[in-house]
Amino acid sequence: MPKLNGVLETALYVDDMDRARVFFEGVMGLEPFNADHRFTAYDVGAGSVLLLFLQGETLETVVLPNEMGTIPPHDGKGRVHVAFAIAKPELAAWERQLDDHGIAIEGRTHWPRGGESLYFRDPDGHLIELATPGVWPTY
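Scoring rules and cut-offs
Residues numbered from 1 in each chain as written. Predicted model: local features only at pLDDT ≥ 70, side-chain atom pairs only at ≥ 80, totals over all residues. Heavy atoms only, no water. Core = buried A, V, L, I, M, F, W, Y, C linked by side-chain atoms within 4.5 Å. Buried < 20%, exposed > 50% of the residue type's maximum accessible area, 1.4 Å probe, protein only. Helix = DSSP H or I, 4+ residues; strand = E, 2+ residues; numbered from the N terminus. Contact = heavy atoms within 4.5 Å. Polar contact = N/O pair within 3.5 Å; in protein donor to acceptor, adjacent residues only side chain to side chain. Phe/Tyr/Trp six-rings, centres within 6.5 Å; stacked < 30°, edge-to-face > 60°.

A.B. asks: I'm lost on the nonpolar core in this one. Help?
C.D. replies: Generally speaking, a soluble globular protein has its nonpolar side chains buried in company with each other. If you look at the biggest cluster of nonpolar residues, it comprises 24 residues, and the most contacted ones within it are F24, M28, L50, L52, F120 and I128. A per-element tally of this core places helix α1 (residues 17-27) first, with five residues. When residues no more than four places from it in sequence are discounted, the contact partners of I128 are L12, F24, M28, V82, F84, L118, Y119, F120 and D122.

A.B. asks: Even after reading the chapter, I still don't get the environment of D16, so can you show me in this structure?
C.D. replies: Along the chain, D16 falls in the loop between β1 (9-14) and α1. Taking the C-alpha atoms as reference, D16 lies 9.4 Å from F53; in sequence the two are 37 residues apart. When sequence neighbours within four positions are dropped, the list of residues in contact with D16 reads L54 and D124. In this structure the side chain of D16 is engaged in a polar contact, spanning 3.1 Å, whose partner is the backbone nitrogen of D18.

A.B. asks: Looking at this structure, how should I read the packing of aromatic side chains?
C.D. replies: Here the distance between the centres and the angle between the planes together describe a pair of aromatic rings. Applying the stated rule across the entire model yields four aromatic pairs. Ring centres 5.6 Å apart and planes at 25° place the aromatic pair Y13 and F53 in the stacked group. Here the residue Y13 occupies a position in strand β1, and F53 occupies one in strand β4 (residues 49-54), the gap between them amounting to 40 residues. Comparing Y13 with F53 shows no difference in burial state: the two are buried. Aromatic ring contacts, followed pair by pair, group Y13, F39 and F53 into a single cluster.

A.B. asks: Explanation requested: unusual backbone geometry in the structure shown.
C.D. replies: Peptide bonds are trans in most cases, and residues, glycine excluded, mostly fall at negative phi. A positive phi angle, close to 55°, is found at A46, a residue other than glycine. Structurally, A46 can be placed in the loop between β3 (39-43) and β4. Taking the relative accessible area as the measure of exposure, A46 reaches 88% and is therefore exposed. The phi dihedral of E67 falls on the positive side, at around 55°, and the residue is not glycine. Following the sequence through the fold, E67 ends up in the loop between β5 (62-64) and β6 (69-71).

What follows is the structure in structure tokens.
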């Protein structure tokens, strides 16, 4: 069986790209490294990328320049979930950051392996989790 090396990209589909950028850059502290009117790409550490796509703007095949290839259509609907890894000592700072921006924490979990999770929503209603080590056997 060929081996997988990890999750490279996670995609969220948003209704308002400007509003989503304000949240992910202002609240989450992410810096975009590529963007246009229909998507934004953020480095979220450990070789992973968070992609934001404007809902309905990826329904056609994208033909890349210079015969680089194509990207097939994709889209998503509904409120989905994404978890970001954080260091345990950063948990309190994240709670203050969320509070400073008026972001309500919807849930907290203290996992049997010692990890902790905070749950809150982005402006599109996606469930965002911040998780410390000890959530999974692999993290």
